[in-house]
Amino acid sequence: MPRNRVVNPLVIASAIAATLVLPAFLGINETLSAVALFAVFFAVAILHPVNGITFILLTFPFFLGEASWPCFWLLDVFIYSLLLICAIGALMGRWKYEFPLKWPVLFLIAVSVIALPLNAMESLCNLWAYSWREAVSIWAVGSYDPFLRYLRMLMNMGSGACLMIVAHSHFKQLDDNEIKKIYQAIVVMAGGVCVLGLLMFYRLVPLDAERWHYLSLSMVGAHNAAVTAFAYNEQYLVHYLSLTIPLALYFVIKTGGRWSYEALYSVALALMVFMSFQAGQRAGLVSLAIAVILAVPAYIGSSGEKRKIPRWAIGLVALVAVAGMGALFSSRYDILSRFSPQTILSDPRVVLSRASLRMMKTSPALGGGLGSFYSLYDTFKARENAGLVPINAHSQYFQIVAEEGLLGVAGWGLIFSLCAIGAVRAFKKEESRERKALMAVPAISLAVWIFLGLGNTLSYVRSTEIFFWIFAGILTAWAAPSIPNLRPGKKTLTVFALVAMIALGRQAWLIKSRPMDDGFFVGFHNRERVEEGIEGRWASQRAVMVSRVKGKTAAIRMTALLPGLDKRPQKIRVWAGGQRYEIVLQDSAWREVVIPTQKPVGSNEVFWFEADYALNPKQAGISGDDRNLAVFIRNVEWR
């Protein structure tokens, strides 16, 4: 491997800070900063994929939140650009790649492919109504539209698995010092994030209220009276800190150098613990305890030096002291009460978990479909008030149960189990105590990730999901020989194919037999009033609505209200009950389409609308209205 192409990670971290953090405070144009940031990424990634992996890990704290927030698409630009660079390098024979955990990962991806959303009919309506530009835009921001969410999650999983291959294949060629430098840069970046987060939280740096975000950075500094740094709430920050703390512990315990370095790492670790306690997140505090319990015995005792007071003890004392200070004086929570049985049983997550189990019972093999929890929640919730916005199940494992069923549980469980078995076996085989400590770092971080998943859906945040796949690749880079080789035979593949076909067939039957929700619509804008007593919705060029049948015929009144209809009439086509109807609007007068239905009262009828064209008033210079308008349609009137 041409090692001279691997850039010092601290240089990459400094470049990220210079092109991302500093411009935010200096007020430099966001577009220019985004271009500069990508230029930095491309410049280092083209030299060697290790630089690209390092860059993505170092930008982790700046992409903590939902994909719909400003400029979160930059993370996907980095990921897919790196994969493209690696693919070109492989085709040119520059690099060779190995696929760790090949069959378990392929099993999981295959299950995810056939785990179609149960509300796929609504998805088809959405895809029909959207233009390709709208579809790409909605996919890019991680919309909860069922089918686009399914595609988004599937692509996230596939790209994550590819990053695991890249990390595995290149990290196995790095020596211990190169890996240490990458871990060191991650800890330094985490410490810097903590410092800036505290400065923003205590208003020691100016924050422009009108410019509360910059690229993907949240410049609020606080959420619910807790430090967030660059995250959108304290929960995301705690996730990041929990996953980074095992790396900080390694350097506190294993510095083996100057006391100044030990002090620096101890301060970084203390800040991470302080913020974890200050946020009062149960999962984060439990993960912190797990990290300490696993890291201390794994990291200590390799230097061979005998001291009355080991160096690492200083860091741990600082950790305990700062944690106690944080718990007593900074947290808005009574931390001990957060762990009481009464508090845990009354947590809204219990209600969300019940909805997840109901979703799985409908389709035990594949669940409600990949990425479908949010859109199906209203169907499967009970009467209890969850108290949480049901964006996800607030548990990685209940999310898997709900969206991928028992087959998804088997796929994820297999990957987790093989990683754990391989890590333990490799740890036992390794003779060098120094290397054992270094090998334990990704294993402990992944263990923390798994425990964090008990109360958080980590795969719904792109950065934390990518962290898992990259660190799984780092773990398998040294544990691969110790991981059981599960290579399925022809009989196993045949049985899986048969089970998959049966499961897919049942999923398709459930999709077809599930009625679309009354009141569903897509391609329409918000309800508004155009005349006294007349309300309705503007439709784009294509639109769909569902109405509950209350009679033998449906009357739909509509008007175009567009300029120039005398020269360019608006032609509207309507499909319902397998029949096609057409109406031409040559002026602003109201027209009516009467559609008979053969469906019984109480069932749902689907109406599909298509216009010849849509007008954007802003683009046409008519007004500031930036919507695409084709026809104004009133509610269905049943007779």
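Check the entry above for the structure.
> Outline the nonpolar core, supporting the account with residue identities and numerical values.
Formed by 128 residues in total, the largest nonpolar core has its most connected members in Phe62, Tyr299, Trp469 and Ile470. Met545, Ala611, Val636 and Trp638 belong to the second largest nonpolar core, which has 33 residues in total.

> How would you explain the packing of aromatic side chains if you had to name every residue and give the values?
Under the defined criterion, the tally for this structure stands at 33 aromatic pairs. Residues Phe607 and Trp638 carry aromatic rings whose centres are separated by 6.2 Å and whose planes lie at 55 degrees to one another, so their mutual orientation is tilted. Placement of the pair is Phe607 in strand 12 (residues 604-611) and Trp638 in strand 14 (residues 637-638), with a sequence separation of 31 residues. For the pair Phe607 and Trp638, one class covers both residues: buried. Counting every residue linked through ring pairs, the aromatic cluster contains Phe38, Phe41, Phe42, Phe55, Phe63, Phe72, Phe78 and Tyr232. Stacked on the ring of Tyr460, the Lys or Arg Arg149 has its end atom at 4.3 Å from the ring centre.

> Explain helix 20 (residues 490-513) residue by residue, including any values.
Taking 1.5 Å per residue as the helical rise, helix 20 with its 24 residues ought to reach 34 Å, and the 34 Å between its terminal C-alpha atoms agrees with that figure. Of the residues making up helix 20, those classed as buried are Ala500, Ala503, Gln507, Leu510 and Ile511. Check the buried side of helix 20 and you find it contacts helix 5 (102-114), helix 6 (120-129), helix 15 (349-362) and helix 17 (396-429).

> Report on a nonpolar patch on the surface, specifying residues and quantitative values.
Judged by side-chain polarity, Leu22, Leu26, Ile28 and Leu32 come together as a nonpolar surface patch covering roughly 410 Å² of accessible area. Mapped onto the elements of the fold, Leu26 is located in helix 1 (residues 9-26).

> Before we move on, can you summarise the environment of Ala248 with the specific residues and values?
As for its position among the elements, Ala248 is in helix 10 (residues 234-254). When the C-alpha positions of Ala248 and Val188 are compared, they lie 8.9 Å apart, and in sequence the two are 60 residues distant. Other than its neighbours up to four places away in sequence, Ala248 contacts Val187, Leu269 and Met272.

> Which residues make up the pattern of salt bridges, and what are the values?
If you walk through the whole model with that rule in mind, you get 20 salt bridges. Between Glu637 and Arg639 there is a salt bridge; the shortest N-O distance is 3.5 Å. You can call Glu637 partly exposed: its relative accessible area is 40%. Residue Arg639 is classed as partly exposed on the basis of its relative accessible area, which comes to 44%.

Calculation rules
- Residues numbered from 1 in each chain as written.
- Predicted model: local features only at pLDDT ≥ 70, side-chain atom pairs only at ≥ 80, totals over all residues.
- Heavy atoms only, no water.
- Core = buried A, V, L, I, M, F, W, Y, C linked by side-chain atoms within 4.5 Å.
- Buried < 20%, exposed > 50% of the residue type's maximum accessible area, 1.4 Å probe, protein only.
- Phe/Tyr/Trp six-rings, centres within 6.5 Å; stacked < 30°, edge-to-face > 60°.
- Helix = DSSP H or I, 4+ residues; strand = E, 2+ residues; numbered from the N terminus.
- Lys NZ or Arg CZ within 6 Å of the ring centre and 35° of its normal.
- Expected span 1.5 Å × (residues − 1).
- Contact = heavy atoms within 4.5 Å.
- Patch = residues over 30% accessible without salt bridge, like charges linked within 9 Å, V, L, I, M, F, W, Y side chains within 5 Å.
- Areas by Shrake-Rupley, 256 points an atom, 1.4 Å probe, with all protein chains shown as cover.
- Salt bridge = Lys/Arg side-chain N within 4 Å of Asp/Glu carboxyl O.

All we've got here are geometric facts, nothing functional implied.
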